[in-house]
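A structural walkthrough
The lines below spell out each chain.
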Amino acid sequence: MALDPADQHLRHVEKDILIPKIMREKAKERCSEQVQDFTKCCKNSGVLMVVNCRKENSALKECLTAYYNDPAFHEECKMEYLKEREEFRKTGIPAKKRLQKVPTSM
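Here is a short report on the structure shown in this document. Remember, predicted model here, so these are calculated numbers, not experimental data. (Residues numbered from 1 in each chain as written. Predicted model: local features only at pLDDT ≥ 70, side-chain atom pairs only at ≥ 80, totals over all residues. Heavy atoms only, no water.)

**Overview of the pattern of salt bridges**
All chains considered together, the criterion is met by eight salt bridges. Arg-11 is the partner of Glu-14 in a salt bridge, and the nearest nitrogen-oxygen pair spans 3.6 Å. The buried category is assigned to Glu-14, whose relative accessible area is 1%. In this structure, Glu-25 engages Lys-21 in a salt bridge whose closest nitrogen and oxygen atoms are separated by 3.9 Å. Of this pair, Glu-25 and Lys-21 both sit in helix 1 (residues 12-30), four residues apart, which is roughly one turn of that helix. The exposure class of Glu-25 is partly exposed, given its relative accessible area of 41%. Among the residues examined, Lys-21 registers a relative accessible area of 40% and is labelled partly exposed. Overlapping salt bridges, with partners in common, bring together Lys-26, Arg-30, Glu-76 and Glu-80 in one network. (Salt bridge = Lys/Arg side-chain N within 4 Å of Asp/Glu carboxyl O. Buried < 20%, exposed > 50% of the residue type's maximum accessible area, 1.4 Å probe, protein only. Helix = DSSP H or I, 4+ residues; strand = E, 2+ residues; numbered from the N terminus.)

Right, dumping it as structure tokens:
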């Protein structure tokens, strides 16, 4: 049975795993300043990172949590997932492969 590319129904694995994965990736991009600050602190602190990087860790958690709890952000990520899935169902080519450059000279 062929799947309808325009079907908007989500399976549990899509709702519970795949869409949250997109949300985490996009939130990390949007919180890149906090990610960089925390990473830098950890590299400079070594074993004492738990104590020394509390401020940076809190700022990062706060930024990420704001995105995770934002219904508009969730909807944006869901629509992005559905668009990719629809394209895959039409072409049979995963997004990662579609985004790779095709060699022009063969």
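Alright, that's what it looks like, and here's the rest.
**Details of the packing of aromatic side chains**
Taken as a whole and judged by the stated rule, the model has one aromatic pair. A centroid spacing of 5.0 Å and a plane angle of 55° characterise the contact between Tyr-67 and Phe-73, whose relative ring orientation is tilted. For Phe-73, a relative accessible area of 1% puts it in the buried group. (Phe/Tyr/Trp six-rings, centres within 6.5 Å; stacked < 30°, edge-to-face > 60°.)

**Overview of the environment of Leu-60**
Structurally, Leu-60 can be placed in helix 4 (residues 54-68). Judged by relative accessible area, Leu-60 falls into the buried class, the value being 11%. Expressed as a C-alpha distance, the spacing of Leu-60 and Val-35, which sit 25 residues apart in the sequence, is 6.3 Å. Among all residues touching Leu-60, those that are not within four sequence positions of it are Cys-31, Gln-34, Val-35 and Phe-38. (Contact = heavy atoms within 4.5 Å.)

**Here we look at helix 2 (residues 32-45)**
Its 14 residues give helix 2 an end-to-end C-alpha distance of 20 Å, which sits within 8% of 20 Å, the value for a rise of 1.5 Å per residue. Looking at helix 2, one finds that the buried residues are Cys-41, Cys-42 and Ser-45. One side of helix 2 carries all its buried residues, which in axial view fall inside an arc of 100°. Facing away from the buried side of helix 2 by more than 90 degrees, the exposed set consists of Glu-33, Gln-36, Lys-40, Lys-43 and Asn-44. The inward-facing, buried residues of helix 2 abut helix 3 (49-52) and helix 4. Downstream of helix 2 by one or two residues, Gly-46 has phi in the positive range, about 60°. (Expected span 1.5 Å × (residues − 1). Arc of directions from axis to C-beta.)

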